[in-house]
There are 4 protein chains.
Amino acid sequence: MSKIPVGLLGATGMVGQRFIQSLSDHPWFELEALTASEKSAGKRYEEAAKWYLYPPMPEEVKDIEVRPTEVEAVEDTEIVFSALPSSIAEEVEPKMAKAGKIVASNASSYRMDPDVPLMIPEINPDHLNLIEQQKENRGWDGAIVTNPNCTTIILLLALKPLIDEVGINRVFVSTMQALSGAGYGGVKSMEIEDNLIPYIPKEEWKTENEPLKILGKYEKGKIEKAEIDISASCNRVAVLDGHTESVFLELENEASPKSVERIMSEFKAEPQELNLPTAPIKPIIIEKEPDKPQPRSARHAGSVPGMAVAVGRVREDPVFENGIRFLISGNNAIRGAAGASVLNAELMKAKDLL
Amino acid sequence: MSKIPVGLLGATGMVGQRFIQSLSDHPWFELEALTASEKSAGKRYEEAAKWYLYPPMPEEVKDIEVRPTEVEAVEDTEIVFSALPSSIAEEVEPKMAKAGKIVASNASSYRMDPDVPLMIPEINPDHLNLIEQQKENRGWDGAIVTNPNCTTIILLLALKPLIDEVGINRVFVSTMQALSGAGYGGVKSMEIEDNLIPYIPKEEWKTENEPLKILGKYEKGKIEKAEIDISASCNRVAVLDGHTESVFLELENEASPKSVERIMSEFKAEPQELNLPTAPIKPIIIEKEPDKPQPRSARHAGSVPGMAVAVGRVREDPVFENGIRFLISGNNAIRGAAGASVLNAELMKAKDLL
Amino acid sequence: MSKIPVGLLGATGMVGQRFIQSLSDHPWFELEALTASEKSAGKRYEEAAKWYLYPPMPEEVKDIEVRPTEVEAVEDTEIVFSALPSSIAEEVEPKMAKAGKIVASNASSYRMDPDVPLMIPEINPDHLNLIEQQKENRGWDGAIVTNPNCTTIILLLALKPLIDEVGINRVFVSTMQALSGAGYGGVKSMEIEDNLIPYIPKEEWKTENEPLKILGKYEKGKIEKAEIDISASCNRVAVLDGHTESVFLELENEASPKSVERIMSEFKAEPQELNLPTAPIKPIIIEKEPDKPQPRSARHAGSVPGMAVAVGRVREDPVFENGIRFLISGNNAIRGAAGASVLNAELMKAKDLL
Amino acid sequence: MSKIPVGLLGATGMVGQRFIQSLSDHPWFELEALTASEKSAGKRYEEAAKWYLYPPMPEEVKDIEVRPTEVEAVEDTEIVFSALPSSIAEEVEPKMAKAGKIVASNASSYRMDPDVPLMIPEINPDHLNLIEQQKENRGWDGAIVTNPNCTTIILLLALKPLIDEVGINRVFVSTMQALSGAGYGGVKSMEIEDNLIPYIPKEEWKTENEPLKILGKYEKGKIEKAEIDISASCNRVAVLDGHTESVFLELENEASPKSVERIMSEFKAEPQELNLPTAPIKPIIIEKEPDKPQPRSARHAGSVPGMAVAVGRVREDPVFENGIRFLISGNNAIRGAAGASVLNAELMKAKDLL
């Protein structure tokens with residue numbers, strides 16, 4: 001089988017680099033086009049990008065010539081991954097979709113549009129049905145398919161099996177989020193050294209609202225929003241990668257910490273059944289040590305490192321009648337961003353939607 | 001007025017040093033005796049203690065000869081402050097009390113004993129009445145008076161005016177606590193660099209249970225515990241000083257964020273009315289900037305630096321009907337430890353209980 | 001005596017804020033005018049500046065209306081302190097000098113001009129004689145007087161007494177510099193967390209070349225550059241304030257570590273003799289503990305906190321015949337920047353040059 | 001070929017864990033015995049060791065039963081790697097050697113003994129000849145073979161090709177060393193947060209003296225020490241892994257920065273020629289970016305990650321006539337410790353000395 005040629009919009013930034021790591025040596029996809037801003041266009045990728053990550057820049061992308069972020073640049077591709085900042089994504093992504101591309105986007109611009117799938121493959125694979133509706137509504141040959149905000153993904157992945165098996169009424173979540181979530185230059189060292197910042201613009205809104213759509217029911221081209229009450233308080237801490245979330249839940253039905261751990265640990269869903277290349281064998285890893293999960297290790301969680309979330313300290317909650325609380329930690333840049341888009345694309349491919 | 005001679009048990013450790021800072025140049029108290037372990041006894045304080053804090057060691061303590069932690073060592077004092085670790089405090093403090101000393105203790109050993117006052121002077125000054133009961137029960141000439149755990153103090157100081165004015169039913173709190181709370185050697189750098197630890201032994205229990213006593217009603221030599229449901233999740237982050245707490249409240253009665261801010265900002269209590277030397281003019285400072293409170297500045301909050309707590313981001317909570325959420329940050333080592341004991345002693349002095 | 005009205009150019013940035021701290025409650029100077037960029041002009045200082053420092057913004061500056069950085073803005077002042085970035089200083093400072101102001105500048109723009117004094121008051125007070133020459137050369141009523149780069153000041157302050165008493169031939173210095181030296185937004189948290197950066201643009205050139213002028217001999221309106229060989233390697237580390245420098249010296253004459261400590265410890269110069277308000281009683285503090293100086297404490301060194309440098313680990317060097325090595329640590333933002341300019345102005349005032 | 005059974009002394013500590021990573025899946029060696037202190041003996045490795053590293057604990061060691069650190073424990077092995085602290089190594093290693101084992105030790109206890117090889121395989125492979133002498137001197141069937149201190153290895157690896165091609169007279173080195181070099185609990189977070197420590201016990205002595213032996217000439221069972229003057233100043237900074245060294249050199253003969261880079265980049269030695277399994281293809285990686293090497297990336301340097309050192313900022317030195325200066329950064333825990341011992345063992349195996 002020959003690989004599917006894919007493009008990457010916004011290839012030089014930190015999220016773009018995470019996409020390159022996820023797509024390098026991918027069994028199904030082959031990076032054909034890398035785009036960036038005008039000032040990078042025309043340069044070899046190695047010259048255009050200051051590489052921030054480990055492992056070092058993959059050899060095979062070094063010589064790719066960076067193109068401007070335009071429709072022409074991705075003509076020879078079938079899927080286009082978008083690591084664009086939302087202000088640019090807002091303008092560019094519809095053009096790409098109109099030109100027939102499937103845009104697998106990490107940007108927030110169109111996440112909440114009623115006909116745009118907001119996907120976590122383990123949770124709402126059937127929402128891909130919105131693609132048809134979107135094409136019809138907009139007269140496009142392609143479509144935009146999005147993944148949620150990092151904090152939302154990490155939270156919902158852990159909640160999903162509980163929602164299914166015991167039900168969740170109310171969620172309080174206080175986060176401790178990594179620096180990389182703000183982009184390479186997002187947090188100044190003078191701000192965060194010996195300090196923390198108890199505020200991340202728009203993050204709480206996303207964490208409280210994206211789940212209503214993701215957990216919603218697809219019917220006849222529409223998503224009926226779910227009913228779940230979430231209150232989020234989002235904080236930035238001096239950690240490079242890995243968001244940690246302190247979660248308090250009111251369950252619909254009683255469940256002991258042991259059974260919560262079992263339910264989470266056994267959780268598998270469509271990406272696992274389909275054996276998608278970057279789907280972790282277990283989406284949720286239960287940590288047994290009393291002082292885990294910690295982001296420095298949890299950022300690598302899973303059989304595909306960074307694609308699972310780590311859960312620990314599952315314990316009863318003394319306030320709610322059916323209360324449970326625990327900690328989650330997961331890789332915001334992989335499972336929460338680039339890896340999420342790639343898994344979306346894998347799901348589409350497996351369902352013959354490309 | 002001549003000053004009251006006081007002793008300090010456990011003077012060389014980090015909490016002991018915070019006591020020395022609080023007591024240096026104190027208008028009412030004079031450091032007469034400093035005690036430490038056997039290996040320090042006999043040395044000048046300057047030789048015995050490796051000074052960790054800024055400002056540098058006060059001149060007047062440098063030449064004080066450190067004594068062993070025994071009753072004889074504090075004979076010439078009226079109050080004895082205890083910065084002892086709880087395992088040692090458990091044994092030593094009763095001896096001191098028996099010998100007629102008022103022991104103002106930061107240790108957790110006797111906090112929950114029914115006849116031992118667990119004090120936050122702004123909240124339960126009348127609990128000092130337990131002193132009589134304690135003396136009677138135990139046949140002591142002196143008594144032990146304690147302050148709560150750092151996390152508890154910072155939380156309750158912010159909650160108290162709301163409890164009084166609108167009522168609080170339920171509290172969820174997720175903390176981000178400073179390194180100094182674990183003692184100078186408590187957290188290894190390899191553990192916390194580029195990381196966080198979502199677990200602090202015994203801290204959640206203290207945060208959930210100490211408030212029931214502190215907020216309880218004193219009657220006839222007893223405290224009737226308060227009814228308030230608290231769920232705490234305690235995390236360690238890479239910050240030197242200053243605990244930050246993310247709080248979600250269910251109020252008994254409706255109150256807007258604005259009115260919550262007003263209620264907190266106007267809060268004053270007995271220490272303020274009595275003009276106690278280290279009582280902050282305002283126990284709660286409302287921060288208006290959207291990204292505050294932050295521990296690097298909040299650790300200095302208040303007219304007496306470190307003795308007030310900073311509250312910010314007061315906002316409605318979308319989950320509870322009368323829900324309010326906000327962040328608090330305060331100095332764990334001052335308001336949450338040494339300064340708390342000193343304020344207790346000031347209150348006792350002002351009430352002629354010394 | 002009424003105070004001298006002074007202006008501050010670039011008052012809202014981090015260096016500007018350090019100037020405000022140094023000038024607040026100054027016995028000789030009174031802040032009359034604060035200037036900033038167009039977008040801040042017209043606002044109250046409290047609105048215009050996000051305050052980064054501790055202690056909090058002094059009350060007396062909160063209501064001062066920020067002016068644009070123009071000559072008219074400082075009409076009612078005698079001295080103008082400049083916290084401007086060098087690109088702006090280059091244009092603005094000559095205009096101010098032409099208009100008759102003494103500009104006490106921290107910017108690098110004119111430091112190396114032959115007729116501009118580059119001052120460390122303890123080292124080259126006679127270089128103020130260049131002011132006359134500068135006025136004559138340029139036909140100005142005022143003049144520009146500069147202080148060196150932070151790294152240079154901290155280094156030379158420690159070297160000066162050795163130069164005088166035993167002579168220094170060669171200097172190797174490897175630095176570990178604080179984040180604040182790069183400005184509030186200069187170093188990204190993603191760059192420095194769990195990392196260091198072994199490069200600071202232009203810093204090594206300044207550290208090697210500014211001393212030749214500062215240590216030079218003033219004669220007939222000119223500075224004859226000193227002969228001293230310096231090699232610098234400059235590194236950025238995750239420290240908020242306080243540059244630390246690892247120094248290896250070849251002395252002209254033999255001197256034991258003990259005598260080097262004595263020479264440094266006894267060092268006093270004109271600012272000390274003149275009792276300048278912000279001159280530290282001892283410019284060099286010798287630290288005796290084996291693991292000092294450390295920047296977290298050394299940033300406060302001196303009787304005027306932050307105005308002295310701390311030296312420790314003075315020991316023989318096994319490579320040079322008369323070799324000595326030690327560590328220096330000092331406050332880059334105070335002694336190395338704002339405080340340096342203020343001390344320059346105090347010296348000028350004491351010498352009736354204002 | 002069946003693999004050689006090996007033992008690991010001190011298997012549960014952080015250095016021990018690095019050994020396990022280096023030896024896991026090793027093509028020549030098979031971990032047969034893991035030893036630790038009495039309290040771990042008898043437990044499965046997974047129970048006995050709190051794993052600190054990434055990747056997670058290799059599956060194949062989890063079930064190995066930890067043995068006490070005694071001769072009997074390693075009976076069925078041919079080589080014994082020692083990750084013991086020097087105080088224990090001092091006693092245990094000779095017993096092992098006497099019992100016929102080759103002890104490949106990272107401990108400092110016997111490094112400077114005249115008949116004990118102190119090896120960097122790229123530099124002094126012929127020093128393995130000392131093994132015969134050692135056996136003879138001591139009447140042992142086995143022998144102790146050591147690797148140097150981490151700082152020494154990283155420094156000498158970079159210096160060796162220059163010594164060979166242009167000669168080096170004098171070396172000044174100021175280090176910025178990682179936390180892991182002090183062991184997992186060696187540096188307290190309160191010590192190093194927003195700080196650095198300009199002192200590491202014994203480190204400077206090792207850095208100045210071990211090279212004289214390593215670079216010495218083997219002749220007739222003896223090492224004649226080399227003549228090279230080194231002055232080291234060692235500092236601890238808040239970096240997890242990777243020591244960075246700021247080096248100033250006086251060369252014997254002139255060499256431009258370009259030629260120094262070329263000489264280093266082309267350097268290969270016996271481990272490369274012998275294709276030893278963990279020998280990096282290039283021991284020295286030249287970094288071209290102006291702000292490199294940085295420890296967060298350099299800790300992975302080399303074709304075998306962590307086994308090469310990264311050198312950057314090679315530039316002329318203005319003080320020495322034939323002066324050159326640069327920065328080196330390398331993995332203290334791999335190339336500087338466990339990996340060094342493993343490479344020593346590989347060299348011995350390749351030379352039929354096992």
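Values in this document were obtained by computation on a predicted structure and should not be read as measured data. (Residues numbered from 1 in each chain as written. Chains lettered and ligands numbered in written order. Predicted model: local features only at pLDDT ≥ 70, side-chain atom pairs only at ≥ 80, totals over all residues. Heavy atoms only, no water.)

Participant: What am I meant to see in the sheet that holds strand β13 (residues 309-316) of chain B here?
Facilitator: Think of a sheet as strands paired side by side through backbone hydrogen bonds, with each pair either parallel or antiparallel. All names here are of chain B. In spatial order, the strands read β10-β7-β11-β14-β13-β12; together these 6 strands make up an open sheet with mixed pairing. In this open sheet, the two edge strands, each paired with only one partner strand, are β10 (229-236) and β12 (284-286). The mean inter-strand angle of the sheet, taken between neighbouring strand axes irrespective of direction, is 25 degrees. Of the strand pairs in this sheet, β12 and β13 are connected by 3 bridges, and their pairing is parallel. (Pairing = 2+ DSSP bridges. Helix = DSSP H or I, 4+ residues; strand = E, 2+ residues; numbered from the N terminus. Axes fitted to C-alpha atoms, helices over the stretch in contact; angles between N-to-C directions.)

Participant: Sorry if this is basic, but what is going on with the sheet that holds strand β10 (residues 229-236) of chain C here?
Facilitator: Residues and elements named next belong to chain C. Read from one edge to the other, the open sheet built from 6 strands follows the order β10-β7-β11-β14-β13-β12, with strand pairing classed as mixed. Of all the strands in the sheet, just β10 and β12 (284-286) have a single pairing partner and so form its edges. Strand-to-strand twist across the sheet, computed as the mean angle between neighbouring axes with direction ignored, equals 25 degrees. Bridge count for strand β13 (residues 309-316) against strand β14 (residues 323-330) is 6 bridges, and the pairing is antiparallel. By the bridge assignment for β14, glycine 312 is matched with leucine 327. Most of the contacts of helix α6 (residues 150-165) go to strand β11 (residues 243-251), to which it runs at about 35 degrees, and overall it touches β7 (168-177), β11, β12, β13 and β14. (Contact = heavy atoms within 4.5 Å.)

Participant: What is the right way to read the interface of chain B and chain C from this model?
Facilitator: Note: interface size is frequently given as the accessible area lost on complex formation between the parts. Contact with chain B, which involves 10 residues of that partner, is made by 10 residues of chain C. Of the roughly 1000 Å² buried where chain B meets chain C, counting both sides, 45% is carbon and sulfur surface. Remark: the boundary between chain B and chain C carries 4 salt bridges. Among the salt bridges present, the one from glutamate 289 of chain B reaches lysine 50 of chain C, with a minimum N-O distance of 3.6 Å. (Buried area = accessible area lost by both parts, 1.4 Å probe. Salt bridge = Lys/Arg side-chain N within 4 Å of Asp/Glu carboxyl O.)

Participant: Sorry, what's going on with the domain arrangement of chain A here?
Facilitator: Residues and elements named next belong to chain A. Domain annotation of chain A identifies domain 1 (4-149 + 338-350) and domain 2 (150-331). Between domain 1 and domain 2, the C-alpha centre-to-centre distance is 24 Å. Summed over both partners, the interface of domain 1 with domain 2 buries about 2900 Å², with 69% contributed by carbon and sulfur atoms. Here domain 1 is connected to domain 2 by 2 salt bridges. Its salt-bridge partner being glutamate 210, residue arginine 111 comes within 2.9 Å of it at the nearest N-O pair. The interface formed by domain 1 and domain 2 contains 14 residue pairs in polar contact (both at pLDDT 80 or more). Elements with a contribution of two residues or more to the side of domain 1 that touches domain 2: α1 (14-23), α5 (130-138) and α12 (334-350). Of the residues that constitute the side of domain 1 that touches domain 2, the class distribution is 18 nonpolar, 9 polar and 6 charged. (Domains from an automatic or database assignment. Polar contact = N/O pair within 3.5 Å; in protein donor to acceptor, adjacent residues only side chain to side chain. Nonpolar A, V, L, I, M, F, W, Y, C, P; charged D, E, K, R; others polar.)

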